[in-house]
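Listed here are the chains, written in short residue letters.
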Amino acid sequence: PYLLSVNLPALTLVQEDLTLKDSTWMQTFQAEALVHIQGHLTLEDLNAFEELSLPNLNYIGEIIEADSGVFLPSTAQFDFVMHNSNVDAVYLPNLTTISGDLKWEEVFRGERYDLPSLTGIGGDLDVINTGLEVFDMGQLTWVGGDVTFDQNYYLTHLGTPGSGLSSLAEVLRDLTLT
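First, a word on what this report is: a plain description of the structure on this page. In this text, all values refer to a predicted model and were calculated from it rather than measured experimentally. (Residues numbered from 1 in each chain as written. Predicted model: local features only at pLDDT ≥ 70, side-chain atom pairs only at ≥ 80, totals over all residues. Heavy atoms only, no water.)

Some remarks on the nonpolar core
Then, in step 1: Of all hydrophobic cores here, the largest spans 43 residues; its most connected members are Leu 43, Phe 80, Trp 104, Leu 125 and Phe 135.
Then, in step 2: In contact with Leu 43, other than residues within four places in its own chain, are Leu 20, Phe 49, Leu 52, Phe 80, Val 81, Met 82, His 83, Ser 85 and Val 87. (Core = buried A, V, L, I, M, F, W, Y, C linked by side-chain atoms within 4.5 Å. Buried < 20%, exposed > 50% of the residue type's maximum accessible area, 1.4 Å probe, protein only. Contact = heavy atoms within 4.5 Å.)

Focus: the packing of aromatic side chains
Then, in step 1: Inspection of every chain in the model, using the stated rule, returns five aromatic pairs.
Then, in step 2: Ring geometry for Tyr 2 and Trp 25: centres 5.0 Å apart, planes at 35°, overall tilted. Here the residue Tyr 2 occupies a position in the segment before β1 (5–7), and Trp 25 occupies one in the loop between β3 (18–23) and β4 (28–30), the gap between them amounting to 23 residues.
Then, in step 3: Overall, the relative accessible area of 40% leaves Trp 25 in the partly exposed class.
Then, in step 4: Aromatic ring contacts, followed pair by pair, group Phe 80, Trp 104, Tyr 113, Phe 135 and Phe 149 into a single cluster. (Phe/Tyr/Trp six-rings, centres within 6.5 Å; stacked < 30°, edge-to-face > 60°. Helix = DSSP H or I, 4+ residues; strand = E, 2+ residues; numbered from the N terminus.)

A few points about the sheet that holds strand β13 (residues 97–98)
Then, in step 1: Ordered in space as β2-β5-β8-β13-β16-β18-β20, the seven strands form an open sheet in which the pairing is parallel. Strands with a single pairing partner mark the edges of an open sheet, and in this sheet they are β2 (13–14) and β20 (170–171).
Then, in step 2: Bridge count for β2 against strand β5 (residues 36–37) is two bridges, and the pairing is parallel. Paired with Leu 13 across the two strands is His 36, which belongs to β5. (Pairing = 2+ DSSP bridges.)

Thoughts on the environment of Asn 86
Then, in step 1: Looking at the element boundaries, Asn 86 is found in the loop between β11 (80–85) and β12 (87–91).
Then, in step 2: Judged by relative accessible area, which is 18%, Asn 86 ranks as buried.
Then, in step 3: A C-alpha to C-alpha distance of 6.1 Å links Asn 86 and Leu 46, two positions 40 residues apart in sequence.
Then, in step 4: Beyond its immediate sequence surroundings of up to four residues, Asn 86 is in contact with Leu 46, Asn 47, Ala 48, Phe 49, Phe 108 and Arg 109.

Topic: the pattern of salt bridges
Then, in step 1: With the rule as written, the count across this model stands at two salt bridges.
Then, in step 2: Arg 173 is the salt-bridge partner of Asp 146, the closest N and O atoms lying 3.8 Å from each other. With Asp 146 in the loop between β18 (142–143) and β19 (147–150) and Arg 173 in the loop between β20 and β21 (175–177), the pair connects residues that are 27 residues apart, well separated along the chain.
Then, in step 3: Of the residues examined, Asp 146 reaches a relative accessible area of 16% and is grouped as buried. (Salt bridge = Lys/Arg side-chain N within 4 Å of Asp/Glu carboxyl O.)

Examining the side chain of Ser 85
Then, in step 1: With respect to the element layout, Ser 85 can be found in strand β11.
Then, in step 2: Take Ser 85: its relative accessible area is 1%, and that puts it in the buried class.
Then, in step 3: One polar contact links the side chain of Ser 85 to the main-chain amide nitrogen of Asp 45, over a distance of 3.1 Å.
Then, in step 4: What Ser 85 contacts, discounting residues up to four positions off in sequence, is Leu 43, Glu 44, Asp 45, Leu 46, Glu 106, Val 107, Phe 108 and Arg 109. (Polar contact = N/O pair within 3.5 Å; in protein donor to acceptor, adjacent residues only side chain to side chain.)

Concerning the pairing of strand β14 (residues 102–107)
Then, in step 1: Where β11 and β14 come together, five bridges link them in parallel fashion. When the bridges of β14 are listed, Phe 80 appears paired with Leu 102.
Then, in step 2: Bridge count for β14 against strand β17 (residues 125–128) is four bridges, and the pairing is parallel. In the sheet register, Glu 105 faces β17, and the bridge partner there is Ile 128.

Some remarks on unusual backbone geometry
Then, in step 1: Positive phi is not limited to glycine here, since Asp 22 has a value of about 50°.
Then, in step 2: Within the secondary structure layout, Asp 22 lies in strand β3.
Then, in step 3: Despite not being glycine, Asp 45 has its phi angle at roughly 55°, a positive value.
Then, in step 4: Of note, Asp 45 is situated in strand β6 (residues 41–46).

Following this line, the structure appears as structure tokens:
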């Protein structure tokens, strides 16, 4: 009677938000063909979640078509949020840009969060009160808002060569590490 696993192999686009929330039982969500989420990606109040697998997702946010037929990012910001959840693994190997915030708050498990191609976050990067031991966004070069790392008791290193935030060159607002 409870939804444990979701696999949508033909899904390529979510026109607005993708939200997974309020589930004691859901363990996996997979969408191998998903390339673009035009709204927010939210994982919230998931108690037994093991894996989010979106291997071809490359952009979270709106893209608008210019008169010349060229597609450009919108100025609207859309977020990737994980809140109050037990999430073992996030696999987004082709995600390059999040137009809004990346907020991971009260995420109590975290064996593997793979975002190896992420180069830009248009809004804030908040990693607060997590169980993360390793944080690796070695390709991330810019954040358009604040960067905050707070109360991550198992996270002992950031910015070691080839990992962490070793490529971060620009933070356009506050940088807070506690």
